[in-house]
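Examining the three-dimensional arrangement
Chain by chain, the residues:
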Amino acid sequence: MIRREGATLLLKYAGEITLEMTADLKRRLDAELGEGDVRVVVIDLSAVPFMDSSGIGFLVSVNTRMKSSGKSFYLYQLSPAVEKTLGLVQLIGFFTVLPDATALAGVCD
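This section reports on the structure supplied with the text. Everything quoted here is computed from the prediction, not taken from an experiment.

Glancing now at the environment of Leu9. Its location among the elements puts Leu9 in strand 2 (residues 8-14). In contact with Leu9, not counting residues within four places along its chain, are Ile2, Arg3, Arg4, Leu29, Glu32, Leu33, Val38, Val40, Val41 and Val42.

In structure tokens form, the structure reads like this:
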């Protein structure tokens, strides 16, 4: 599900993020980014039970793309599996993680 709130794009994904899914996610995100002034992207990963290396690569790519264009990128409510995966590859610190709705509200203003 993709939802816009002003200049913020919220993407909530439920299910595994694997090689089969990342191309579709990238296509959908690219389409949304091309449709107006998006300054913040938030990806809700609370319902993701598994993420492989292509999913990690997708998140790294979006983060790098947004930051290099002076925009913001956040991960929201990591599932335990995603948090463990990002921790194992030592990338938790690479991302800005919003742990709860209060933190999310702060970036959506």
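With that settled, consider the side chain of Ser79. Relative to the elements of secondary structure, Ser79 occurs in the loop between strand 4 (72-76) and helix 3 (80-88). Those residues in contact with Ser79, other than ones at most four positions away along the chain, are Leu45, Ser46 and Val48.

This paragraph deals with the nonpolar core. Counting residues in hydrophobic clusters, the biggest one holds 25 residues, and the most contacted among them are Val41, Ile43, Leu45, Leu59, Phe73, Leu75 and Leu86. Mapped onto this core, the elements with two or more residues apiece are strand 2, helix 1 (19-33), strand 3 (40-47), helix 2 (53-68), strand 4 and helix 3. With 5 residues, helix 2 is the largest single contributor of residues to this core. For Ile43, the contacting residues outside a window of four places in its chain are Leu11, Phe58, Leu59, Phe73, Tyr74, Leu75 and Tyr76. With 9 residues, the next largest nonpolar core counts Val40, Val42, Tyr76 and Cys108 among its residues.

Calculation rules
Residues numbered from 1 in each chain as written. Predicted model: local features only at pLDDT ≥ 70, side-chain atom pairs only at ≥ 80, totals over all residues. Heavy atoms only, no water. Helix = DSSP H or I, 4+ residues; strand = E, 2+ residues; numbered from the N terminus. Contact = heavy atoms within 4.5 Å. Core = buried A, V, L, I, M, F, W, Y, C linked by side-chain atoms within 4.5 Å. Buried < 20%, exposed > 50% of the residue type's maximum accessible area, 1.4 Å probe, protein only.

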